[in-house]
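Below, each chain spelled out in residue letters.
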Amino acid sequence: MANLTATRPPQPWTAPTASDPITATLRLPGSKSMTARALVLSALGTGPSTLLRPLRARDTELMAGGLRAMGVHVSIADDERWLVRPNPLHGPAHVDVGLAGTIMRFVPPVAALSDGPVTFDGDPHARKRPLGPLTGALRSLGVRIDSAPSGGLPLTVYGTGGVTGGEVVIDASASSQLVSGLLLAAPAFDRGVVVRHVGPPVPSAPHLRMTVQMLRAAGAAVDDSEPDVWTVEPGRLSARSWQIEPDLSGAVPFFAAALVTGGSVTLRDWPRSSAQPVDTLRDLLARMGAEVTLDTDGLTVRGTGTVHGLDADLSDVSELTPVLAALATLADSPSRLYGVGHIRGHETDRLAALAAEFTALGADVTESADGLEIRPRPLRGTAFRTYDDHRLAHAAAVIGLAVPGVELSDVGCTSKTMPDFPALWSAMVAGGADR
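The paragraphs below set out a description of the structure included in this document. Residues take numbers from 1 onward in each chain, read along the sequence in its written order. Side-chain atom pairs in this predicted model are given and counted only at pLDDT of 80 or more, local residue features only at pLDDT of at least 70, and totals for whole chains, interfaces and linings cover all residues. As a rule here, side-chain values cover all heavy atoms of the structure and leave hydrogens and water aside.

## Thoughts on the sheet that holds strand β22 (residues 383–384)
Inclusion rule: Should DSSP find at least two bridges between two strands, the strands are taken to pair. Strands here mean DSSP runs of E at least two residues long; helices mean DSSP runs of H or I at least four residues long; both are numbered from the N terminus.
On the basis of which strands lie adjacent, the open sheet formed by three strands has the order β1-β23-β22 and mixed pairing. Edge positions in the open sheet fall to β1 (13–14) and β22, since each of these has one partner strand only. Pairing between β22 and strand β23 (residues 407–408): two bridges, direction parallel. Its bridge partner being in β23, A383 is matched across the sheet by E407.

This is the structure we're talking about:
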């Protein structure tokens with residue numbers, strides 16, 4: 001079941017270097033995590049729902065396409081307002097997951113509710129991403145699935161029009177998405193679901209809290225009072241309007257630009273109460289030398305031009321690791337970033353890739369099982385391989401602010417979550433990103 005969607009030609013790009021402090025006010029696309037969850041919850045709702053200011057990027061367009069293949073009406077013609085109208089789910093259908101963990105983990109439980117088979121496959125590296133615990137959990141709930149020997153892609157879910165549900169035990173230490181996928185579909189299961197995690201701690205806990213919060217907002221009854229146990233009662237999800245927040249992970253490289261250059265970057269339209277881990281980010285950036293404020297203008301990060309080293313457990317915010325590691329290469333003292341061994345199973349082995357590329361730039365990096373130790377040294381511009389990973393491209397762009405000649409092998413991989421990243425970044429560095 002080959003997939004050829006990853007044959008996009010590479011787009012080499014030299015990261016722009018900042019000659020002055022950057023001062024910019026930005027309006028960035030919506031959160032990928034919120035957009036993906038809102039699409040699934042809307043597809044299982046009782047009537048039409050809308051997503052306001054969603055993220056339009058490869059991951060979310062493929063998610064919309066996968067739901068559409070199973071019969072859901074998803075209109076994404078308007079960038080500011082997507083419409084989702086539930087319909088009976090059916091197969092045969094095919095879902096292209098691209099390289100998106102959200103699709104490969106959120107959509108198979110939905111496909112189990114369809115009437116007919118639904119096949120899944122994606123980019124070549126997607127077949128290496130951890131999926132076995134989810135397919136095993138679905139099988140224990142009575143869902144018939146054919147998969148690769150690892151339990152991952154390519155796979156076929158043979159939907160029979162419903163899932164009985166019940167209690168399931170899962171090791172979700174590789175990704176919180178393994179739990180979120182089960183929870184999002186659970187209200188449509190006949191008996192709901194009780195998910196018990198056993199194993200090392202589940203990473204990215206804020207994303208699980210986002211799942212629970214959004215389920216409750218759609219009318220689901222969710223009990224997460226017991227550690228590592230989530231209970232979702234059966235019931236119909238309400239149709240509603242979802243206001244999608246700006247993407248915090250996507251904003252981090254722009255905030256990093258303020259630290260590196262001693263400037264100020266404001267992200268507009270940031271909500272007073274957020275489903276994303278903004279408090280954790282504020283603490284981490286403050287420890288690295290930033291001043292972070294939230295007011296009527298938005299979320300603002302100010303730097304002094306001096307970046308401090310960081311010793312931090314990033315297990316809750318692992319998506320921030322590449323950019324924080326990039327900042328660490330430019331810091332005034334060593335850094336130790338840990339608790340993120342699971343990101344070896346993301347778009348690429350991010351720890352190995354960061355260690356290799358930072359070393360090529362001249363940094364002194366030691367790779368451990370679950371993190372990196374970075375000792376700053378003078379850096380030199382050279383080629384930087386992005387491994388088809390948007391977060392690696394963001395990290396390279398941050399270093400390029402201070403190091404001339406950082407040449408990304410492929411900036412086009414940023415289309416996964418922010419298609420306009422190269423233009424937005426270049427405009428910000430040039431002083432034209434107040435938009």
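Don't stop here, the text continues.
## Notes on the layout of surface pockets
Stated formally: Each cavity reported here is a set of points on a 1 Å grid over the protein atoms alone in which a 1.4 Å probe fits but cannot get out, each pocket an open set with protein on both sides within 12 Å along at least five of seven lines, and each lining residue one with an atom within 4 Å of a point. Grid points are joined across faces, edges and corners, and a volume is the space filled by probe spheres set on the points. Here the term charged refers only to Asp, Glu, Lys and Arg, the term nonpolar to Ala, Val, Leu, Ile, Met, Phe, Trp, Tyr, Cys and Pro, and the term polar to all other amino acids, Gly among them.
Approximately 390 Å³ is the volume attributed to the largest pocket. Residue composition of the lining of the largest pocket, by class: six nonpolar, one polar and seven charged. In this structure, the second largest pocket encloses a volume near 330 Å³. Residue composition of the lining of the second largest pocket, grouped by class: nine nonpolar, six polar and two charged.

## Describing helix α11 (residues 390–400)
Worth spelling out the cut-off: Residue burial is assigned from relative accessible area. The probe radius is 1.4 Å, only protein chains are included, and a residue is buried under 20% of its type maximum, exposed over 50%, and partly exposed in between. For the purposes of these results, a polar contact is taken to be a pair of N or O atoms within 3.5 Å, where, inside protein, one atom must be able to donate a hydrogen and its partner to accept one; residues adjacent in sequence count only when each atom of the pair is a side-chain atom.
With eleven of its eleven residues buried, α11 lies for the most part within the structure. Buried residues of α11: H390, R391, L392, A393, H394, A395, A396, A397, V398, I399 and G400, and no others. N-cap assignment for α11: the residue whose side-chain oxygen lies 3.0 Å from the backbone N of R391 is D389.

## Brief notes about the packing of aromatic side chains
For the record, the criterion: Two rings from Phe, Tyr or Trp (for Trp, the six-membered ring) form a pair when their centres are within 6.5 Å of each other. A pair whose planes differ by under 30 degrees is stacked, one over 60 is edge-to-face, and the rest are tilted. Each ring is checked for a lysine NZ or an arginine CZ that lies within 6 Å of its centre and within 35 degrees of its normal; such an atom marks a charge sitting over the ring.
Going through the model one piece at a time under the given rule, you end up with five aromatic pairs. Taken together, a centroid distance of 5.8 Å and an interplanar angle of 70° make the contact between F254 and F421 edge-to-face. One end of the pair, F254, is in helix α7 (residues 248–261); the other, F421, is in helix α12 (residues 421–430), with 167 residues separating them in the sequence. You can call F254 buried: its relative accessible area is 0%. The lysine or arginine in question, R144, covers the ring of Y158, its NZ or CZ lying 3.8 Å from the ring centre. The side chain of R240 reaches across the aromatic face of W242, ending 4.2 Å from its centre.

## Here we look at the pattern of salt bridges
What counts is decided by this rule: For this document, the term salt bridge refers to a Lys or Arg side-chain nitrogen within 4 Å of an Asp or Glu carboxyl oxygen.
Scanning the entire structure with this criterion turns up 24 salt bridges. Ionic pairing is found between E61 and R56, a salt bridge with its closest N-O pair at 2.9 Å. Residue E61 is classed as partly exposed on the basis of its relative accessible area of 33%. A salt bridge links D121 to R127; the nearest nitrogen and oxygen atoms lie 2.6 Å apart. Among the residues examined, D121 registers a relative accessible area of 0% and is labelled buried.

## Details of the side chain of Q276
Test applied: What makes two residues a contact is simply this: any of their non-hydrogen atoms within 4.5 Å.
Within the element layout of this structure, Q276 appears in the loop between β15 (264–267) and α8 (278–287). Here Q276 falls in the buried class, since its relative accessible area comes to 9%. A polar atom in the side chain of Q276 sits 2.8 Å from the backbone oxygen of P246. Here Q276 is in contact with S31, M210, E245, P246, D247, L248, S249 and W270, once residues within four sequence places are set aside.

## Description of helix α10 (residues 350–361)
Note: α-helices contain 3.6 residues per turn, so residues at a spacing of three or four share the same orientation. Stated precisely, the cut-off is as follows: Expected span of a helix, by definition, is 1.5 Å for each gap between consecutive residues, and there is one gap fewer than residues.
Counted at 1.5 Å a residue, the expected span for α10 with its twelve residues is 16 Å, and the 16 Å between its end C-alpha atoms agrees. Buried within α10 are the following residues: R350, L351, A353, L354, A355, E357, F358 and L361. Contacts from the buried residues of α10 go to α9 (321–329), β20 (364–368), β21 (371–375), β22 and α11. Of the residues one or two after α10, G362 is the one with positive phi, at around 115°.

## Observations concerning the pairing of β15
Judged by which residues are buried, β15 turns out to be covered on both faces: S264 and T266 on one side and V265 and L267 on the other are all buried. Pairing of strand β2 (residues 23–26) with β15 involves four bridges; the strand directions are parallel. In the sheet register, T25 faces β15, and the bridge partner there is T266. Pairing of β15 with strand β17 (residues 298–302) involves four bridges; the strand directions are antiparallel. Pairing of S264 across the sheet is with R302, part of β17.

## Observations concerning the packing of helix α5 (residues 177–185) against helix α6 (residues 205–217)
The test is simple: Every angle, taken between N-to-C directions, lies between 0 and 180 degrees, and every axis is a line fitted to C-alpha atoms, over only the stretch in contact when it is a helix. Just so you know how the angles are binned, under 35 degrees is roughly parallel, over 145 roughly antiparallel, 65 to 115 roughly perpendicular, and the rest oblique.
Look at α5 against α6: their axes get within 10 Å of each other, and the N-to-C directions meet at 5°. Looking at the two axes, α5 sits roughly parallel to α6. Taken together, the residues of α6 that come into contact with α5 (itself represented by V179, S180, L183 and L184) are H207, L208, T211 and L215. The residue makeup of the contact of α5 with α6, split by class, is five nonpolar, three polar and no charged.

## Remarks on the pairing of strand β10 (residues 166–170)
Cut-off, in case you're wondering: By definition, the crossover connecting two strands over a helix is right-handed if that path, from the first strand to the second, turns clockwise as seen with the strands pointing away from the viewer.
The pairing of β10 with strand β11 (residues 193–197) spans five bridges and is parallel. Paired with I170 across the strands is H197, a residue of β11. Crossover connection from β10 via α5 to parallel β11: handedness right-handed.

## Points about the nonpolar core
Across soluble globular proteins, you tend to see nonpolar side chains buried next to one another. Under the convention used in this document: Side-chain atoms within 4.5 Å are what join buried Ala, Val, Leu, Ile, Met, Phe, Trp, Tyr and Cys residues into a set we call a nonpolar core.
Ranked by size, the top nonpolar core spans 76 residues in total, and within it F254, L285, L327, F358 and W425 carry the most contacts. Ranked by the residues each element gives to this core, the list is headed by α7, at ten residues. Among all residues touching L285, those that are not within four sequence positions of it are F255, L259, A290, V292, V301, L324 and L327. Counting residues in hydrophobic clusters, the runner-up holds 75 residues, among them A112, L113, V168 and I244.

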